[in-house]
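Listed here are the chains, written in short residue letters.
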There are 2 protein chains.
Amino acid sequence: MSNEMNDFFYQQKLDEIFEEKDIRFAGFIDSEGCLIKGKFKEDIVPFETDAEQQKIFRELAYRVSTRKNFDHSMGQVKYSASRREKLVMMSFPIKDNIL
Amino acid sequence: MSNEMNDFFYQQKLDEIFEEKDIRFAGFIDSEGCLIKGKFKEDIVPFETDAEQQKIFRELAYRVSTRKNFDHSMGQVKYSASRREKLVMMSFPIKDNIL
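Residues numbered from 1 in each chain as written. Chains lettered and ligands numbered in written order. Predicted model: local features only at pLDDT ≥ 70, side-chain atom pairs only at ≥ 80, totals over all residues. Heavy atoms only, no water.

Caption draft 1: The arrangement of the sheet that holds strand 4 (residues 88-91) of chain A in detail. Read from one edge of the open sheet, 4 strands run 4(A)-3(A)-3(B)-4(B), paired in antiparallel fashion. Of all the strands in the sheet, the pair left with one neighbour each is strand 4 of chain A together with strand 4 (88-91) of chain B. On average, each strand axis in the sheet is inclined to that of its neighbour by 10 degrees, with strand direction left out of account. Relative to strand 3 (residues 77-84) of chain B, strand 3 (residues 77-84) of chain A runs antiparallel, the two being bridged by 7 bridges. Paired with Arg83 of chain A across the bridge in strand 3 of chain B is Tyr79 of chain B. Packing of helix 2 (residues 50-67) of chain B onto the sheet brings it into contact with strand 3 of chain A together with strand 3 and strand 4 of chain B, and relative to strand 4 of chain B it is tilted by some 50 degrees. (Pairing = 2+ DSSP bridges. Helix = DSSP H or I, 4+ residues; strand = E, 2+ residues; numbered from the N terminus. Axes fitted to C-alpha atoms, helices over the stretch in contact; angles between N-to-C directions. Contact = heavy atoms within 4.5 Å.)

Caption draft 2: The arrangement of a nonpolar patch on the surface in detail. A cluster of nonpolar side chains, contributed by Tyr79, Val88, Met90, Phe92 and Ile94 of chain A, occupies part of the molecular surface with about 390 Å² of accessible area. Looking at where Phe92 of chain A falls in the secondary structure, it is placed in the loop between strand 4 and strand 5 (93-94). (Patch = residues over 30% accessible without salt bridge, like charges linked within 9 Å, V, L, I, M, F, W, Y side chains within 5 Å. Areas by Shrake-Rupley, 256 points an atom, 1.4 Å probe, with all protein chains shown as cover. Salt bridge = Lys/Arg side-chain N within 4 Å of Asp/Glu carboxyl O.)

Caption draft 3: Up close: the pairing of strand 1 (residues 25-29) of chain A. Residues and elements named next belong to chain A. Counting buried positions along strand 1 yields 4 of 5 residues, so the element is predominantly enclosed. As paired strands, strand 1 and strand 2 (residues 35-40) are joined by 5 bridges and run antiparallel to one another. Looking at strand 2, one finds that Gly27 is bridged to Gly38. In this structure, the hairpin formed by strand 1 and strand 2 is closed by a connection of 5 residues, where Gly33 is found at a positive phi of approximately 90 degrees. (Buried < 20%, exposed > 50% of the residue type's maximum accessible area, 1.4 Å probe, protein only.)

Caption draft 4: Just the relation of the copies chain B and chain A, in detail. Structural alignment of chain B on chain A gives an RMSD of 0.0 Å, achieved by rotating through 180 degrees and translating 0.0 Å along the axis. Both copies are brought into coincidence by an operation consistent with a two-fold rotation axis. Identified as the residue of chain B closest to the rotation axis by C-alpha distance is Ala81 of chain B, at 2.6 Å. Interface residue correspondence from chain B to chain A reaches 100%, placing this contact among same-surface, isologous pairings. (Least-squares fit on C-alpha atoms with pLDDT ≥ 70 in both.)

Caption draft 5: Inspection of the packing of aromatic side chains at higher detail. All names here are of chain A. Overall, the coordinates contain 13 aromatic pairs over all chains when judged by the stated rule. Taken together, the ring pairs in this structure connect Phe9, Tyr10 and Phe28 into an aromatic cluster. Over the ring of Phe47 we find Arg24; its NZ or CZ atom is 4.0 Å from the centre of that ring. One Lys or Arg, Lys86, reaches over the ring of Phe47 and ends 5.0 Å from the middle of that ring. (Phe/Tyr/Trp six-rings, centres within 6.5 Å; stacked < 30°, edge-to-face > 60°. Lys NZ or Arg CZ within 6 Å of the ring centre and 35° of its normal.)

Caption draft 6: Fine view of the pattern of salt bridges. This structure, assessed with the given rule, holds 10 salt bridges over all chains. Asp71 of chain A is the partner of Arg84 of chain B in a salt bridge, and the nearest nitrogen-oxygen pair spans 2.9 Å. Of the two residues, Arg84 of chain B sits in strand 3 while Asp71 of chain A sits in helix 3 (residues 71-74), which places them in two different chains. Arg63 of chain B serves as the salt-bridge partner of Glu59 of chain B, at 3.6 Å between the closest nitrogen and oxygen.

In structure tokens:
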């Protein structure tokens, strides 16, 4: 896909996700943990600073990468989730990137 | 708790967990990823070698530890789960250890 097509694909997916009312944040990150495209819902005050969010993305990318070492035996990861007191964080590996 | 009490507590919890028919493995690991007590259900053939299982435990302990860095803002983790093609892996932080 060209970059323009990618951008259209990402934007379309994010629009679909934000139709769910409980979503605070949705975004695509690459395998290094850099945000490709994403945002908080309007009116949401993030719990984290920008620097902390970047750290979360990097750690998430690292987790997704290390989980791949066990794909051969347990099968690929469809999604991962962490239930916290204030929110649920979910990640979906999509090719080389992560939603 | 004394070690004996701990052992009783762990065994009791594991017995409860194995009442669920779909459980393949249940165990407690410490913050370094060492297995304190746990086992596969009888008749289950593990997907992983012993060495790979130890690696999974270590990586899990590392994940639980890094997630704690964000407890102050998003609240403590109640559980985490990864849905794979062949199984679901769940972890529950319990004080310094992990179920």
